[in-house]
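# Structural features, examined
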Amino acid sequence: MQLPYWLGETARPEHPPARPLPRRWASSPMEKTIRGLDRFFQETLHAKATAKKYGLWQALDPRVKVVTAVALICLVTFERHPWTLLASYGLTLVFAAASQVAFPSLLARTWGFTLLFAGVMVLPLTLNRVTPGEPLLVLLQTGTNLGFHQLSGPLTITATGCERAAVIILRAGTAASLALLLTLTTPWSRLLKALRALYIPRLVVLILEITLRYVFLLVKVAVETLEARKLRMVGPVDPSEKRAFFAAVLGTIIAKSYALNEAVYDAMRARGYTGEPVLMDRFRLRALDIVWIATAATISGALLYLDRSLL
């Protein structure tokens, strides 16, 4: 019996072997979305790990931490001088270091959004048309025709405008850092119970808790859908097909959120949820909390006095 020629060692295939497909699709928006959602989960797990560490803010009573964070944020909004705002931000970094919070995560999660939103919003404040002052940089000369407007004078960046913009950015960055420090060092259940202990309305606490549960649920659905799509992809996909798929994913997530709205709430009610966060441990003020309140009040008063004396 003679073997077919295509089973022989010297046989050649009729078609040349296919070259490997390019992996340009690995950097597609879908891949970036999957990485972003995975990063969200990793940061959440990191926050839980940070809350379990032995640090300064972890050792404080949650009610004391909430009151302290709110008081320091209010202090930052009242400060007017850049140097006192820098001192407040430096104090926040000291608190983070004493609480064993990783600086890269803290800086990336606060200043990224702060510079993106607050920085863009205060850009017009640096111009002489909004804030007159000593010019630092001339952008356009006198008499420049912009097509829709004829400049009657030079367009410059002023020192006073830069100082006011720096004050706003430092306020936003310091306040965001304090809020993030509170959430990183406090488990979500203890934080909700502390809000109820401070007489925050039950409806507000319920909305916060349901929102957090829905965020995790919808992100999980999106990750599973995108990963299933990615495993079934072979090679590049047409951009129009990508857009259609993302639109379908968004529609599916919205439909599931409506379908699971009552189901999740009924499941929570069936398990005994009444709107009040319930924990096994009780909150108790200790000597450390009293010392911390006195120290925070002293530091806040000193910073406010220094801010007014520098003006």
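Structure report, in brief. All values derive from a computational prediction rather than experimental measurement.

Attention now goes to the pattern of salt bridges. By the definition in use, this model includes two salt bridges. For Arg63, the salt bridge is made with Asp61, and the minimal N-O distance between the two is 3.0 Å. In this structure Arg63 comes out as partly exposed when scored by relative accessible area, which is 23%. Here Asp307 makes a salt bridge to Arg308, at a shortest N to O gap of 2.5 Å. Judged by relative accessible area, which is 35%, Arg308 ranks as partly exposed.

A separate point is the side chain of Ser177. Its location among the elements puts Ser177 in helix α5 (residues 159-184). Given the relative accessible area of 0%, Ser177 is considered buried. Residues contacting Ser177, with those up to four places away along its chain left out, are Tyr89, Thr92, Leu106 and Thr110.

At a closest axis distance of 9 Å, the pairing of helix α3 (residues 82-98) and helix α9 (residues 287-310) adopts a crossing angle of 160°. Comparing the axis directions of α3 and α9 gives the class roughly antiparallel. In contact with Trp83, Thr84, Ala87, Ser88, Leu91 and Phe95 of α3, α9 contributes Trp292, Ile299, Leu303, Leu306, Asp307 and Leu310. Considering only residue class, the contact of α3 with α9 consists of nine nonpolar, two polar and one charged.

The subject of this paragraph is the side chain of Asp307. Summarising the element assignment, Asp307 is placed in helix α9. Using a relative accessible area of 0% as the deciding quantity, one classes Asp307 as buried. Within the local environment of Asp307, its side chain forms a polar contact with the backbone nitrogen of His81, the two atoms lying 2.8 Å apart. Apart from residues lying up to four places away in sequence, Asp307 is in contact with Phe78, Glu79, Arg80, His81 and Thr84.

This part covers a nonpolar patch on the surface. Taken together, the side chains of Trp83, Leu86, Leu306 and Leu310 make up a nonpolar region of the molecular surface, amounting to roughly 410 Å² of accessible area. Put simply, the parts of the chain that give the nonpolar patch at least two residues each are α3 and α9. If you trace the backbone, Leu306 turns up in helix α9.

What follows deals with the environment of Thr84. As for its position among the elements, Thr84 is in helix α3. C-alpha of Thr84 to C-alpha of Leu303: the two residues are 219 residues apart in sequence and 6.5 Å apart in space. Setting aside chain neighbours within four positions, we find Thr84 in contact with Glu79, Leu303, Leu306, Asp307 and Leu310. Of note is the side chain of Thr84, whose polar atom sits 2.7 Å from the side chain of Asp307.

The subject of this paragraph is the packing of aromatic side chains. The final tally for this structure, using the stated rule, is five aromatic pairs. Relative to Trp111, the ring of Tyr89 has its centre 5.4 Å away and its plane inclined at 75°; by these criteria the two rings are edge-to-face. Of this pair, Tyr89 sits in helix α3 while Trp111 is found in helix α4 (residues 103-121), placing the two residues 22 residues apart along the sequence. What makes Tyr89 buried here is its relative accessible area of 10%. A ring pair is formed by Phe113 and Phe117, whose centres lie 6.4 Å apart and whose planes are at 5°; its orientation type is stacked. Of this pair, Phe113 and Phe117 both sit in helix α4, four residues apart, which is roughly one turn of the helix. Among the aromatic residues, ring-to-ring pairing joins Trp57, Phe95 and Trp292 into one connected group. Lys193 extends its terminal NZ or CZ atom over the ring of Phe283, reaching a point 5.1 Å from the ring centre.

With that settled, consider the nonpolar core. Ranked by size, the top nonpolar core spans 34 residues in total, and within it Trp57, Val66, Phe95, Val101, Leu181, Leu182 and Trp292 carry the most contacts. When contributions to this core are tallied by element, the ones reaching two or more residues are α2 (62-78), α3, α4, α5, α6 (188-197) and α9. Filtering out sequence-adjacent residues up to four positions away, Val101 remains in contact with Thr50, Ala96, Leu106, Leu181, Leu184 and Thr185. The next biggest cluster of nonpolar side chains, apart from the first, holds six residues, and it includes Leu226, Phe245, Val249 and Ile253.

Let's shift gears to the pairing of strand β2 (residues 155-158). A regular strand places its side chains so that they alternate between the two faces of the sheet. Neither face of β2 is exposed, since Leu155 and Ile157 on one face and Thr156 and Thr158 on the opposite face are all buried. For strand β1 (residues 135-140) and β2, the ladder comprises four bridges, and the chain directions are antiparallel. Pairing of Leu140 across the sheet is with Leu155, part of β2.

What counts as what
Residues numbered from 1 in each chain as written. Predicted model: local features only at pLDDT ≥ 70, side-chain atom pairs only at ≥ 80, totals over all residues. Heavy atoms only, no water. Salt bridge = Lys/Arg side-chain N within 4 Å of Asp/Glu carboxyl O. Buried < 20%, exposed > 50% of the residue type's maximum accessible area, 1.4 Å probe, protein only. Helix = DSSP H or I, 4+ residues; strand = E, 2+ residues; numbered from the N terminus. Contact = heavy atoms within 4.5 Å. Axes fitted to C-alpha atoms, helices over the stretch in contact; angles between N-to-C directions. Parallel < 35°, antiparallel > 145°, perpendicular 65-115°, else oblique. Nonpolar A, V, L, I, M, F, W, Y, C, P; charged D, E, K, R; others polar. Polar contact = N/O pair within 3.5 Å; in protein donor to acceptor, adjacent residues only side chain to side chain. Patch = residues over 30% accessible without salt bridge, like charges linked within 9 Å, V, L, I, M, F, W, Y side chains within 5 Å. Areas by Shrake-Rupley, 256 points an atom, 1.4 Å probe, with all protein chains shown as cover. Phe/Tyr/Trp six-rings, centres within 6.5 Å; stacked < 30°, edge-to-face > 60°. Lys NZ or Arg CZ within 6 Å of the ring centre and 35° of its normal. Core = buried A, V, L, I, M, F, W, Y, C linked by side-chain atoms within 4.5 Å. Pairing = 2+ DSSP bridges.

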